[in-house]
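As a plain string of letters, each chain reads:
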Amino acid sequence: MYNIRCLQMCVRSWLIHTKFHRIVYQYMRSPESSESKRRMEVLREILKTETDYVSDLERVVEVCLKPLREIAEMRHNILTLAEIRSIFSIIEMIFNVNSTLLNDLKKGFNSSTHTVMIGEKFLRLAPFLRLYTEYINNYNTGLAVLTQCRKRKEFAAFLKLRERTVVMNNLDLTSFLIKPVQRLPRYVLLLTELLKYTPEDHVDYESLTQALNSIQGVADYVNEHKREAEGLLKVVEIQAAMGDSVQLVNPTRRLIRQGDVKEVYSRNKLKDRHLFLFNDLCVVAEKNVRGGYNHKRTHRLDRCL
């Protein structure tokens with residue numbers, strides 16, 4: 001009798017233990033669990049940022065690229081087709097690829113939180129990642145060409161009608177052209193975060209892992225060049241603030257440091273100056289009332305040794 005009671009107690013204990021684990025298991029996969037909620041937040045962020053990204057690419061293609069190409073094909077003198085290809089590179093192809101990805105992501109959001117699967121959708125993106133590599137390789141040259149072309153009255157007038165308007169989200173063209181450079185590393189962060197809140201037995205776990213690994217390799221390459229691209233963008237911004245009195249934009253030029261200084265002249269009198277130290281130049285400037293800079297002089301570093 002004692003043995004039977006012990007057996008009954010063990011069975012009851014096992015049943016309670018099993019039921020408890022089943023309840024916990026079901027709860028962890030329910031919309032109420034913090035893990036599921038966080039997973040849904042990441043999924044929504046992926047969808048929202050992809051929607052914004054594709055919308056920005058569409059602005060570049062529809063508002064700037066296509067009109068310029070049509071004008072060039074009619075042989076009007078704003079930009080040549082070669083200059084357009086240099087500035088915009090393959091951004092239209094990237095727009096088409098990511099539009100397809102966005103449509104796939106939207107379809108996936110018709111299911112419940114736990115069963116939303118986006119790994120396969122990102123895996124389908126993997127063969128097209130070379131487009132981003134090609135884009136980043138051309139980016140610095142394209143930005144330098146854009147800066148030079150801005151000096152033409154016809155092109156400057158074209159951009160003036162479009163840049164910093166509502167249709168361009170109050171941004172200039174360079175702010176849009178850097179977005180593909182920034183997007184791929186963002187995918188890595190988002191998918192890493194999503195994997196953290198996706199159980200290993202989830203139907204999408206393996207696909208997400210494969211997708212992340214596929215994107216990571218290209219993203220590492222892009223990330224390395226992203227710093228260079230953002231460095232050149234800073235040079236472009238300084239060029240815009242200083243006008244055409246000095247030519248600063250160069251694919252290899254990078255800003256090292258800048259700051260206000262005092263220049264000594266004529267019997268210890270001081271003048272306010274702003275110094276820009278690049279990897280090959282030291283530029284002395286003076287702040288003006290328009291919020292920009294007046295160029296004073298330039299020193300080449302190779303002649304200072």
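These numbers were taken from a predicted model, which means no experiment stands behind them. (Residues numbered from 1 in each chain as written. Predicted model: local features only at pLDDT ≥ 70, side-chain atom pairs only at ≥ 80, totals over all residues. Heavy atoms only, no water.)

### Regarding the overall build of the protein
When helices and strands are counted, the protein shows 10 helices and 4 strands. Within the protein, buried positions represent 42% of all 305 residues. Expressed as a percentage of contacts within the protein between residues at least 6 apart in sequence, the contacts between residues at least 24 apart total 62%. Just so you have it, the protein exposes about 17,700 Å², and 54% of that area is on carbon and sulfur atoms. (Helix = DSSP H or I, 4+ residues; strand = E, 2+ residues; numbered from the N terminus. Buried < 20%, exposed > 50% of the residue type's maximum accessible area, 1.4 Å probe, protein only. Contact = heavy atoms within 4.5 Å. Areas by Shrake-Rupley, 256 points an atom, 1.4 Å probe, with all protein chains shown as cover.)

### Some words on the packing of helix α9 (residues 179-196) against helix α10 (residues 205-242)
Remark: α9 packs on α10, axes separated minimally by 7 Å, with the N-to-C direction vectors making an angle of 145°. Of the two possible hands of crossing, α9 and α10 adopt the one that is left-handed. Within the contact of α9 with α10, the residues separate by chemical class into 16 nonpolar, 5 polar and 2 charged. (Axes fitted to C-alpha atoms, helices over the stretch in contact; angles between N-to-C directions. Left-handed = near helix turned anticlockwise from the far one by under 90°. Nonpolar A, V, L, I, M, F, W, Y, C, P; charged D, E, K, R; others polar.)

### Observations regarding helix α3 (residues 81-88)
For α3, the complete set of buried residues consists of Glu 83, Ile 84, Ser 86, Ile 87 and Phe 88. Just downstream of α3 lies Ser 89, where phi reads positive at about 50°.

### Observations concerning the sheet that holds strand β2 (residues 269-278)
Ordered by their spatial adjacency, 4 strands build an open sheet running β1-β2-β3-β4, and the pairing between neighbours is antiparallel. Looking at strand neighbours, the two that pair on one side only are β1 (255-265) and β4 (293-300), the edges of this open sheet. Sheet twist, expressed as the mean angle between neighbouring strand axes with direction ignored, is 30°. Pairing of strand β3 (residues 281-287) with β4 involves 7 bridges; the strand directions are antiparallel. Each residue of the ladder has a partner; that of Val 283, found in β4, is Thr 298. (Pairing = 2+ DSSP bridges.)

### Concerning the confidence of the model for the protein
Across the protein, pLDDT averages 83, with 87% of residues at or above 70. Predicted confidence in the protein is weakest over helix α1 (residues 2-28), with a mean pLDDT of 51, and strongest over α3, with 94. (pLDDT = per-residue confidence, 0-100.)

### A word on the side chain of Asn 98
Within the fold, Asn 98 resides in helix α4 (residues 91-108). Asn 98 gets classed as buried once you look at its relative accessible area, which sits at 0%. There is a polar contact of 2.7 Å between the side chain of Asn 98 and the side chain of Tyr 187. Contacts of Asn 98, omitting those with residues within four sequence positions, involve Glu 50, Tyr 53, Val 54, Tyr 132 and Tyr 187. (Polar contact = N/O pair within 3.5 Å; in protein donor to acceptor, adjacent residues only side chain to side chain.)

### A short note on the pairing of β2
In the sheet, β1 pairs with β2 via 10 bridges, with the strands oriented antiparallel. Bridging from a neighbouring strand, Val 264 pairs with Leu 270 of β2. Connecting β1 to the antiparallel partner β2 that follows it, the hairpin turn spans 3 residues, and Ser 266 within it adopts a positive phi of roughly 40°. Across 4 bridges, β2 lies against β3 in antiparallel orientation. Within β3, the residue paired with Leu 277 across the bridge is Cys 282.

### Side note on the packing of aromatic side chains
What the rule picks out here adds up to 5 aromatic pairs. With 6.5 Å between their ring centres and 40° between their planes, Tyr 135 and Tyr 139 make a pair best called tilted. Taken together, the residues span about one helical turn, with Tyr 135 and Tyr 139 both in helix α6 (residues 130-149) at a distance of 4 residues. Residue Tyr 135 shares its accessibility class with Tyr 139, and that shared class is buried. Three or more aromatic residues joined by ring pairs make a cluster, and in this case those are Phe 276, Phe 278 and Tyr 293. A cation over an aromatic ring shows up here: Arg 162 above the ring of Phe 158, its NZ or CZ 3.7 Å from the ring centre. (Phe/Tyr/Trp six-rings, centres within 6.5 Å; stacked < 30°, edge-to-face > 60°. Lys NZ or Arg CZ within 6 Å of the ring centre and 35° of its normal.)

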